[in-house]
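Listed below are the residues making up each chain.
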Amino acid sequence: MRGRRMDGDDEELSACYRAHAPAVRSYLRRFVPAQDVEDMLQIVFADVWRSRERYDPARSQAAWVFAIAHRRAVDHLRARRPPTVPLEEAGDLARRGRSVPDELGDRDQIDRALAELPDAQREAIELAYFADLTQREIAHRLRVPIGTVKARISRGLHRLSALLSGTA
């Protein structure tokens, strides 16, 4: 859908919200914890309003809104602190669940499976999951198209899954 320039008219923002909010909400649910989706939706449309002068009505309004939604979801995920366990509770967790040697065994199995992947796939996965780079950052670092990065990660993860499940 091509849109009109949003020149400060509240009705234009309302129309944009009505047209795109359900799909953006659904999109955000894939990345953001359920309790944060509505807040993120408000943040996305506040950004839409603040950056309305940058919108080019000759281009897809939906794509523009989704680009903003994607950036906000990534920002939200990066800002979240990973769950941590106080050191004094770590011993209790080991007694209740998996032991440290079990965890180390899993890491060793993953390292061996990663070593079996083609170099390009292993490098893309390591940059994405261990260096916490976005696909765009990986593409820039490796000097390859972003589609190539996506394909390498996807193929590598499928192969890794097969190796770890023993079906390879």
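Before going into details, it helps to say that this report is about the structure given with it.

### Side note on the overall build of the chain
Then, number 1: Scanning the chain for helices and strands turns up eight helices and zero strands.
Then, number 2: Ordered by position in the sequence, the α and β elements of the chain form the string α-α-α-α-α-α-α-α.
Then, number 3: Expressed as a percentage of contacts within the chain between residues at least 6 apart in sequence, the contacts between residues at least 24 apart total 61%.
Then, number 4: Taken as a whole, the chain presents about 11,400 Å² of accessible surface, with 51% of it coming from carbon and sulfur.

### With respect to a nonpolar patch on the surface
Then, number 1: Together, Y129, F130 and L157 make up a nonpolar patch on the protein surface, roughly 340 Å² of accessible area in all.
Then, number 2: As for its position among the elements, Y129 is in helix α6 (residues 119-129).
Then, number 3: A residue is classified by how much of its surface remains accessible, and Y129, at 51% relative accessible area, is exposed.

### Considering the side chain of S51
Then, number 1: Position of S51 relative to the elements: it lies in the loop between α2 (37-50) and α3 (61-79).
Then, number 2: Its relative accessible area of 5% is what places S51 among the buried residues.
Then, number 3: With residues near it in sequence (within four places) discarded, S51 still touches W64 and I68.

### Notes on the nonpolar core
Then, number 1: By size, the foremost hydrophobic cluster in this structure holds 19 residues, and its most contacted members are V24, L28, V44, F45, V48 and V65.
Then, number 2: If you list the elements that add at least two residues to this core, you get α1 (10-29), α2 and α3.
Then, number 3: Listed in part, the ten residues of the second largest apolar core include L127, L133, I138 and A139.

### Some points on the layout of surface pockets
Then, number 1: Within this model, the largest pocket holds a volume of roughly 850 Å³.
Then, number 2: Contributing elements (two or more residues each) for the lining of the largest pocket: α3, α6, α7 (135-142) and α8 (146-165).
Then, number 3: Residue contributions to the lining of the largest pocket peak at seven residues, all from α3.
Then, number 4: Split into classes, the residues belonging to the lining of the largest pocket amount to ten nonpolar, three polar and six charged.

### As for the packing of aromatic side chains
Then, number 1: Inspection of every chain in the model, using the stated rule, returns four aromatic pairs.
Then, number 2: Here a set of aromatic residues connected by ring pairs shows up, and it is made of Y27, F31 and F66.
Then, number 3: In this structure, R52 packs its charged tip against the face of W49, placed 4.0 Å from the ring centre.

### A look at α1
Then, number 1: With 20 residues, α1 should reach 28 Å at 1.5 Å per residue; the first-to-last C-alpha distance of 26 Å fits that figure.
Then, number 2: Along its length, α1 shows its largest kink, about 50°, at H20, and proline P22 lies within four residues downstream of that point.
Then, number 3: Taken as a whole, α1 has its buried residues at E12, L13, C16, H20, A21, V24, R25, Y27 and L28.
Then, number 4: If you follow the buried residues of α1, they end up packed against α2 and α3.

Calculation rules
- Residues numbered from 1 in each chain as written.
- Predicted model: local features only at pLDDT ≥ 70, side-chain atom pairs only at ≥ 80, totals over all residues.
- Heavy atoms only, no water.
- Helix = DSSP H or I, 4+ residues; strand = E, 2+ residues; numbered from the N terminus.
- Contact = heavy atoms within 4.5 Å.
- Areas by Shrake-Rupley, 256 points an atom, 1.4 Å probe, with all protein chains shown as cover.
- Patch = residues over 30% accessible without salt bridge, like charges linked within 9 Å, V, L, I, M, F, W, Y side chains within 5 Å.
- Salt bridge = Lys/Arg side-chain N within 4 Å of Asp/Glu carboxyl O.
- Buried < 20%, exposed > 50% of the residue type's maximum accessible area, 1.4 Å probe, protein only.
- Core = buried A, V, L, I, M, F, W, Y, C linked by side-chain atoms within 4.5 Å.
- 1 Å grid on protein atoms, 1.4 Å probe; cavity = no way out; pocket = protein on both sides within 12 Å on 5 of 7 lines; lining within 4 Å.
- Points joined across faces, edges and corners; volume = space filled by probe spheres on them.
- Nonpolar A, V, L, I, M, F, W, Y, C, P; charged D, E, K, R; others polar.
- Phe/Tyr/Trp six-rings, centres within 6.5 Å; stacked < 30°, edge-to-face > 60°.
- Lys NZ or Arg CZ within 6 Å of the ring centre and 35° of its normal.
- Expected span 1.5 Å × (residues − 1).
- Bend = angle between axes of the 7 residues up to and from the residue.

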